[in-house]
Amino acid sequence: MTAFDSPRAIDRGARWFAQGMSEHLLGIARRNGAPPESLATLERAVDALVAAARAGETCARFEDLAEVSTEASRRALLATGLVSDEPTAGTLPLVLDAGGRLYFARYFDYERRLASALTTLARCAPRSAAEQRESLDRLFERNAAALDPGEPDWQKLAAALALRSRLTIVSGGPGTGKTTTLAALLACLLERDPSTRIVLAAPTGKAAARMLSALGQAAAALPETVRSLLPRESYTVHRLLGARAQSAGFRHDAAHPLALDALALDEASMIDLALATRLVEALPADARLILLGDKDQLASVEAGSVFGALCANPGLSPRCRQALEDATGIPAAAIAPSAGSSLAPLADTTIWLVRNYRFGAGSAIGRLAAALRSGDPAALEVLAENAGELRLHTPPAGPLSGALIEELLGGYADFIARLRGRQTDPAAMLEAFERYRVLAAVRRGSRGVETVGEALEQRLRRALGREAPRANPWFHGRPVLIERNDYALGLYNGDVGIATEDGRGGFEVWFAEASGGMRTVPATRLPTHETALAMTVHRAQGSEFDRVALILPEADNPVLTRELLYTAVTRARSEVSIYSAPERFAQALSRAVRRSGGLGARLEDAAQPPGTRESQA
């Protein structure tokens, strides 16, 4: 299914935009003297592009648009005077590339700029990491006991790769050791040069705070001389770039680069194409970029599947494998990535971490996550076992019953007990709340976030004896989820806080700082927000909880994919409860996200010597 024929293509909320864009461009095409067949093709193209953008895609496949031959439709579009080909891209509103991808010009421009910046990083002459072999051996010594005989330590290899390269991409699920790898890598960089300016960042405030906390734990075994040099703060990407409250621009860009030597970006799968382009372009010319994420998670909400495209090929050249042997002592013959080509544009930059150190071989969550990652039907068998830390509940048809809502609310028992005891420490309340979360696949509907969240809130109020008029949503201990960035307040979409009475008849909301402290914001000043008892799986990205309850809708829905299931399940450290009919889970397992995009092609183009494409045209 594509953006051209999908029933999800243009929902009511986007029709006005599609219609307005179509009418605007059709008016220009008519004034340009475009023939009727060109106007009809253009109208379909614009509708499809709007649908693609709303589906998180940067382009639409031109071959799906053609009602006659592809070449005839290509000529019809070019005849409108509004569509350019690659060599002239940027001069007209739409672009049709050589691979048959149709773009709004800005998305094509973002892909081309990002590809150019990344290939420049990847081309930089590698630096030998062999002189830090002793450090690598010491830092990864503990891993040896967990590895099978002859199994290479991919964490150690990832750190060594990052020491020799300006661009490093590390993909792995929760528990595969991305943070451990990062801690060791940063230690090596600081041992090499203690003045190295290292910056930590993530797409959301929650992810940034968790990154700093996890790094602190992973670095506990490092020497104090190194630990004292590690970053004490982490940033959202928007804050790092210096987002301006009154405009879409940033303070930092290619002309005003960031002041850093190395940037580590966690949860990179959440970053969209536009923001990734702005971030990479703002790096200093000699900076090092380390991207960490999970290629199997849901991609960004906005357009582009950047991380998935960048880490799609973990190929390592023979020269690189030999250099890694020199740095780690692992035989080059054993350094064999599970996929990839050493001829890819970003070869010698990517490592996939597969071994899971959190979930043992007998872990139901671990086995389920592994099966979901590949779409293996064995996931249904694991789920059917209904044992250990994994539970399947099949609710009766219709809205969730009051008993099921009570069961879901029971997951917050420790948090509720603190509220009943009139706990006044916001940090303790937030810590208790963050141990558990109710996740839903959809926002609307009888099993969506809005309905389930409201039912949970009503029962929570009743349990606390604090029922109030609907016009007053505030109560002591109310968990609050921020839904819109507010740069002036330093609050970002996805941040979670806890409300307390301010002693003056009002409420204030406490948020955890990435540095470990707490800060408060008056409830009246908050940007758009809601009670956080339930959230979508998309919003839960970048978070981890001890326990998770996942609710799937009663009817099939295009958002139900194996990536959504995998993302939800891997939010949990110790327990997952899934509320779904088995057939609905099976449908999601069989459906994979397929986003249209051409970043891979742009990387291929950028990697070619100047003049090559022109000579091939």
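Residues numbered from 1 in each chain as written. Predicted model: local features only at pLDDT ≥ 70, side-chain atom pairs only at ≥ 80, totals over all residues. Heavy atoms only, no water.

(A) Seen up close, the packing of aromatic side chains. Within the structure shown, the criterion is met by five aromatic pairs. Between Tyr-412 and Phe-433, the aromatic rings sit 5.3 Å apart at their centres with planes inclined by 5°, giving stacked as the arrangement. Residue Tyr-412 is located in the loop between helix H17 (402–410) and helix H18 (413–420), and its partner Phe-433 is located in helix H19 (residues 426–433); the two are separated by 21 residues in the primary sequence. Here the two residues Tyr-412 and Phe-433 agree in accessibility, since each one is buried. Centre to centre, the rings of Tyr-412 and Tyr-436 are 4.6 Å apart; their planes meet at 80°, and the pair counts as edge-to-face. Of this pair, Tyr-412 sits in the loop between H17 and H18 while Tyr-436 sits in strand S12 (residues 436–440), placing them 24 residues apart in sequence. As far as burial versus exposure is concerned, Tyr-412 and Tyr-436 are alike and both buried. For the cation-ring pair, Lys-295 lies above Trp-352, with the distance from its terminal atom to the ring centre recorded as 4.3 Å. Over the aromatic face of Trp-474 sits the side chain of Arg-478, whose NZ or CZ is 4.4 Å from the ring centroid. (Phe/Tyr/Trp six-rings, centres within 6.5 Å; stacked < 30°, edge-to-face > 60°. Helix = DSSP H or I, 4+ residues; strand = E, 2+ residues; numbered from the N terminus. Buried < 20%, exposed > 50% of the residue type's maximum accessible area, 1.4 Å probe, protein only. Lys NZ or Arg CZ within 6 Å of the ring centre and 35° of its normal.)

(B) Here's a closer look at empty space enclosed by the protein. For the structure on display, the rule yields four cavities of 30 Å³ or more. Lining the largest cavity are 15 residues, with Leu-265, Ala-276, Val-280, Leu-289 and Leu-291 positioned closest to its centre. Here the second largest cavity is characterised by a volume of approximately 40 Å³. Along its surface, the second largest cavity is lined by Lys-178, Thr-179, Leu-182, Met-211, Asp-266 and Leu-292. If you tally residues by element for the lining of the second largest cavity, the top one is helix H8 (residues 178–192), at three residues. (1 Å grid on protein atoms, 1.4 Å probe; cavity = no way out; pocket = protein on both sides within 12 Å on 5 of 7 lines; lining within 4 Å. Points joined across faces, edges and corners; volume = space filled by probe spheres on them.)

(C) Structural view of unusual backbone geometry. For Glu-267, which is not glycine, the phi dihedral falls at a positive 50°. By the secondary structure assignment, Glu-267 is in the loop between strand S8 (262–265) and helix H12 (273–281). In the Ramachandran plot, Asp-348 falls in the positive-phi region, its phi being about 70° despite a non-glycine side chain. Within the secondary structure layout, Asp-348 lies in the loop between helix H14 (318–328) and strand S10 (350–353).

(D) Fine view of the pattern of salt bridges. Inspection of every chain in the model, using the stated rule, returns 34 salt bridges. When the shortest N-O distance is used, the salt bridge between Arg-197 and Asp-261 registers 3.2 Å. Taken together, the residues Arg-197 in the loop between H8 and strand S6 (198–202) and Asp-261 in the loop between helix H11 (237–241) and S8 connect sequence positions 64 residues apart. Here Asp-261 falls in the partly exposed class, since its relative accessible area comes to 24%. Of the charged contacts in the structure, one is a salt bridge between Glu-530 and Arg-443, with a shortest N-O distance of 2.6 Å. On the criterion of sequence distance, the pair formed by Glu-530 in strand S17 (residues 529–531) and Arg-443 in the loop between S12 and helix H20 (449–464) is long-range, its members being 87 residues apart. For Arg-443, a relative accessible area of 24% corresponds to the partly exposed category. Linked through salt bridges whose partners overlap, the residues forming this network are Arg-210, Glu-267, Arg-358, Glu-544, Asp-546 and Arg-573. (Salt bridge = Lys/Arg side-chain N within 4 Å of Asp/Glu carboxyl O.)

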